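Read off the chains here:
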Amino acid sequence: MKSLEGKVALVTGAGSVRGMGRAVSLRLAGEGANIVVVDREMAPKSIWPGDENWRGLEVVVEEITALGSEGLAVIADISKSEDVDDIVTKALDRFGKIDILVHCAAIRGPVGPTVVELDEEIWNRVINVNLTGSFLICKAVAKTMIDNPEGKKIVIIASVAGTFGAPGSVSYCASKYGVIGLAKTLALELAQYKINVNAINPDTISTNLVDERIVAAAEREGISVAELLKRRADSPPMGPNIPLGRHGEPSEVADLVYFLVSEQSSYITGQTINIDGGAH
Amino acid sequence: MNSLKDKVCLVTGAGSIRGMGHAISVRFAGEGASVVAVDKEMTPKSIWPGEENWRGMEAVVEEIEAAGGKGLAVVGDISSSKDVGNIIVKTLDRFGKIDVFIQCVGIRGPMTTPIVDLDEKVWRNIINVNLTGPFLMAKAVAKAMIPEPEGKKMVFISSLAGSRGYTGSAGYCASKHGVIGLAKTLALELAQYKINVNIISPGAFETNLRDESIAERAKAEGISVAELLKRQAEGPRTGPPPIPLGRMGTSQDIADLVMFLVTDKSSYITAQEIRISGGGE
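Small disclaimer: the values here were computed from a predicted structure and weren't measured. (Residues numbered from 1 in each chain as written. Chains lettered and ligands numbered in written order. Predicted model: local features only at pLDDT ≥ 70, side-chain atom pairs only at ≥ 80, totals over all residues. Heavy atoms only, no water.)

S.K.: So what exactly am I meant to see when it comes to the packing of aromatic side chains here?
M.R.: The description of two aromatic rings rests on the distance between their centres and on the angle between their planes. As enumerated under the stated definition, the model contains 3 aromatic pairs over all chains in all. Each ring, one from Tyr-267 of chain A and one from Phe-205 of chain B, has its centre 5.5 Å from the other, and the planes form 90°; the classification is edge-to-face. One end of the pair, Tyr-267 of chain A, is in the loop between helix H8 (250-261) and strand S7 (272-275); the other, Phe-205 of chain B, is in the loop between strand S6 (196-202) and helix H6 (211-221), on a second chain. Directly above the aromatic system of Tyr-172 of chain A lies the positively charged group of Arg-108 of chain A, at a separation of 4.4 Å from the ring centroid. Over the aromatic face of Trp-48 of chain B sits the side chain of Arg-18 of chain B, whose NZ or CZ is 4.0 Å from the ring centroid. (Phe/Tyr/Trp six-rings, centres within 6.5 Å; stacked < 30°, edge-to-face > 60°. Helix = DSSP H or I, 4+ residues; strand = E, 2+ residues; numbered from the N terminus. Lys NZ or Arg CZ within 6 Å of the ring centre and 35° of its normal.)

Laid out in structure tokens, this is it:
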């Protein structure tokens, strides 16, 4: 028997081709879980050559099915409570329960503007999606878990930017600090039910979240995105001092998520775990 | 299960019956590993009723072999560089390499002695065993790993006392803070070889590490150890702050986390301290 047979997992931010949410969904499906995959749009764009025809959640559900599990795609904006209610209703209608929440949805926001330059509207958008969205989805899912809490797990993707200042990225940084505060508080509140809540702090992982940054870098250097990606493939950037000498892969985050939702980690709760090649 | 087949794992502090090192050794053996179990004495004592006849390392090696691994017991004091040299020689003689190193040795020292009353000798002994010992082991093991570093892993057991103060426990606290500094530095130095080094900080666990303090407390209260253990099992727990998950950790909980950290499922995780504390700070 697969280790997550009979479990239902809800994964937000699962529609990007190179996203952690997709990698997590497939990892958990491979272990036997049925998966509700959520994203704001059916097929989030990717700047990478060859990804132009990415069909998003539709494909992720096909991949889940190919692994022998069931998948359900829900398009929703987690920063809106009516959308969040819709996610939970659809998940319960189809599968009857939610055992595992893996919350990956997030936006990067601007890279560059300092605090004194940053537009309030942009700040609000990032905080709204990254922090209030996390609150809304956690609240709604936790409510469904409490009645029958055994073996329930919540994993929230925060960021190493939730542990130190990030000049030029204040909205992302503040939202991720906030997410860690949310996760730690939720862990203490749900510990009485034996529900484990933990946060993962990735550093640079090769996902579509860094797409915007790459577009900006290409513009700065006056070359096309394709050209920049090719150059980087030929000589990958070391990143700011990553001791292991490379960026992480979404599958590596998925391995850590799997550990945190398995029975092998039942005494670990309220923690943040960095996955960053030793950078912090 | 054979995820550690052909791996050689060296585990220090493996001789106590309720110890993390014991649980880790047997867990590794169950995954097909060869395990070198190290402790300062052949049979570390336990104060728990029914454990008077614990045969220590001899029993651990039997359990390792029953679980499907190969076992070797080495008696050595990790705070002595001569003993550390001997541990490495015996390991390499028998198994030819070290793939995984788990540093569990630690002593608790006094728990209720303020710094102003703390004897220098007692302080030096704790730092020597808990901090210099891990340094000597790490140095010797790293040297053995570097020529062929692929898939090599180290895990150091520190403590929640490695990141905050505990009144009356200065020696333990300072040594465990130090272990985190040692392991994080080692992680950065060994990252170029792709050797992963991480730290586990447990909260309150049911191991023999607490035996000494339980024995002292029983003496202070004028009751037998057995009576105190019985009271503790029945009555509300006093002392440390409540644990959110409502129970103490078990050696099995630690072994599961160690297992994750020595597999190839965690190869992008290095230089990290992971707390396993039931949500306790």
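From this point, the narrative continues.
S.K.: What is the right way to read the pairing of strand S4 (residues 100-103) of chain B from this model?
M.R.: Consecutive residues of a regular strand have side chains that alternate between opposite faces of the sheet. Residue and element names in this part refer to chain B. Both faces of S4 are covered, namely the face carrying Val-100 and Ile-102 and the face carrying Phe-101 and Gln-103. Two elements, strand S1 (residues 8-12) and S4, share 4 bridges in a ladder whose sense is parallel. Paired with Cys-9 across the two strands is Val-100, which belongs to S4. Relative to strand S5 (residues 153-157), S4 runs parallel, the two being bridged by 4 bridges. (Buried < 20%, exposed > 50% of the residue type's maximum accessible area, 1.4 Å probe, protein only. Pairing = 2+ DSSP bridges.)

S.K.: Before we go on, may I ask you to explain the packing of helix H1 (residues 20-30) of chain B against helix H8 (residues 251-262) of chain B in this structure?
M.R.: Packed helix pairs are characterised by how far apart their axes lie and by the angle those axes make with each other. Residue and element names in this part refer to chain B. With their axes 8 Å apart at the nearest point, H1 and H8 run at an angle of 50° to one another. Between H1 and H8, the angle falls in the class oblique. Along this stretch, H1 crosses H8, giving a crossing that reads as right-handed. Side by side, H1 and H8 meet where Met-20, Ala-23, Ile-24, Arg-27 and Phe-28 of the first sit next to Ser-251, Gln-252, Ile-254, Ala-255, Asp-256, Val-258, Met-259 and Val-262 of the second. Of the residues in the contact of H1 with H8, the class split is 9 nonpolar, 2 polar and 2 charged. (Axes fitted to C-alpha atoms, helices over the stretch in contact; angles between N-to-C directions. Parallel < 35°, antiparallel > 145°, perpendicular 65-115°, else oblique. Left-handed = near helix turned anticlockwise from the far one by under 90°. Contact = heavy atoms within 4.5 Å. Nonpolar A, V, L, I, M, F, W, Y, C, P; charged D, E, K, R; others polar.)

S.K.: What should I look at first to understand the side chain of Asn-198 of chain A in this one?
M.R.: Residue and element names in this part refer to chain A. Relative to the helices and strands, Asn-198 is located in strand S6 (residues 196-202). In terms of polar contacts, Asn-198 uses its side chain to reach the backbone carbonyl oxygen of Ile-268, at 2.9 Å. If we ignore the near neighbours within four places in the chain, the residues touching Asn-198 are Ile-154, Val-155, Ile-156, Leu-260, Ile-268, Thr-269, Gly-270 and Gln-271. (Polar contact = N/O pair within 3.5 Å; in protein donor to acceptor, adjacent residues only side chain to side chain.)

S.K.: What exactly am I supposed to notice about the interface of chain B and chain A here?
M.R.: Think of interface size as the accessible area that goes away when the parts come together; that is how it is often given. Contact with chain B, which involves 32 residues of that partner, is made by 31 residues of chain A. By the criterion of area lost to chain A, the three top residues of chain B are Leu-245, Tyr-268 and Gln-272 of chain B, representing 31% of everything that side buries. The interface formed by chain B and chain A includes 0 salt bridges. Put simply, chain B and chain A have 12 residue pairs in polar contact (both at pLDDT 80 or more) between them. Looking at the side of chain B that touches chain A, the elements with two or more residues in it are H8 and strand S7 (273-276) of chain B. Sort the elements by how many residues they give to the side of chain B that touches chain A and H8 of chain B lands first, with 4 residues. Each residue belonging to the side of chain B that touches chain A can be placed in one class, and the counts come to 15 nonpolar, 10 polar and 7 charged. (Buried area = accessible area lost by both parts, 1.4 Å probe. Salt bridge = Lys/Arg side-chain N within 4 Å of Asp/Glu carboxyl O.)

S.K.: Looking at this model, I keep getting lost on the sheet that holds S7 of chain A. Mind explaining?
M.R.: Within a sheet, adjacent strands bond to each other through the backbone by hydrogen bonds, running parallel or antiparallel. All names here are of chain A. Here 7 strands make up an open sheet; going across it, the order is S3-S2-S1-S4-S5-S6-S7 and the pairing parallel. Here the strands that pair on one side only, and so sit at the sheet edges, are strand S3 (71-75) and S7. Each adjacent strand pair in this sheet contributes to an overall mean axis angle of 15°, direction not counted. One ladder, built from 5 bridges, connects strand S1 (residues 8-12) with strand S2 (residues 34-39); its direction is parallel. Bridged to Thr-12 within S2 is Val-38. Along the sheet, helix H4 (residues 120-146) makes contact with S1, strand S4 (100-103) and strand S5 (153-157), crossing S4 at roughly 175°.

S.K.: Hey, could you run me through the nonpolar core in this one?
M.R.: One recurring pattern in soluble globular proteins is that nonpolar side chains are buried together. Membership of the largest hydrophobic core comes to 81 residues, with the highest contact counts inside it found for Leu-28 of chain A together with Ile-24, Phe-28 and Ile-102 of chain B. Residues in contact with Ile-24 of chain B, not counting those within four places in the same chain, are Val-11, Ile-102, Cys-104, Ile-254, Ala-255 and Val-258 of chain B. In this structure, Val-88, Ile-180, Leu-182 and Leu-186 of chain A belong to the second largest nonpolar core, which totals 36 residues. (Core = buried A, V, L, I, M, F, W, Y, C linked by side-chain atoms within 4.5 Å.)

S.K.: It is not clear to me how the sheet that holds S5 of chain B should be interpreted in this structure. Could you clarify?
M.R.: Residue and element names in this part refer to chain B. Taken in spatial order, the 7 strands line up as S3-S2-S1-S4-S5-S6-S7 in an open sheet, and their pairing is parallel. Of all strands in the sheet, those with a lone pairing partner are strand S3 (70-75) and S7, marking the two edges. Direction aside, the axes of adjacent strands within the sheet are offset by 15° on average.

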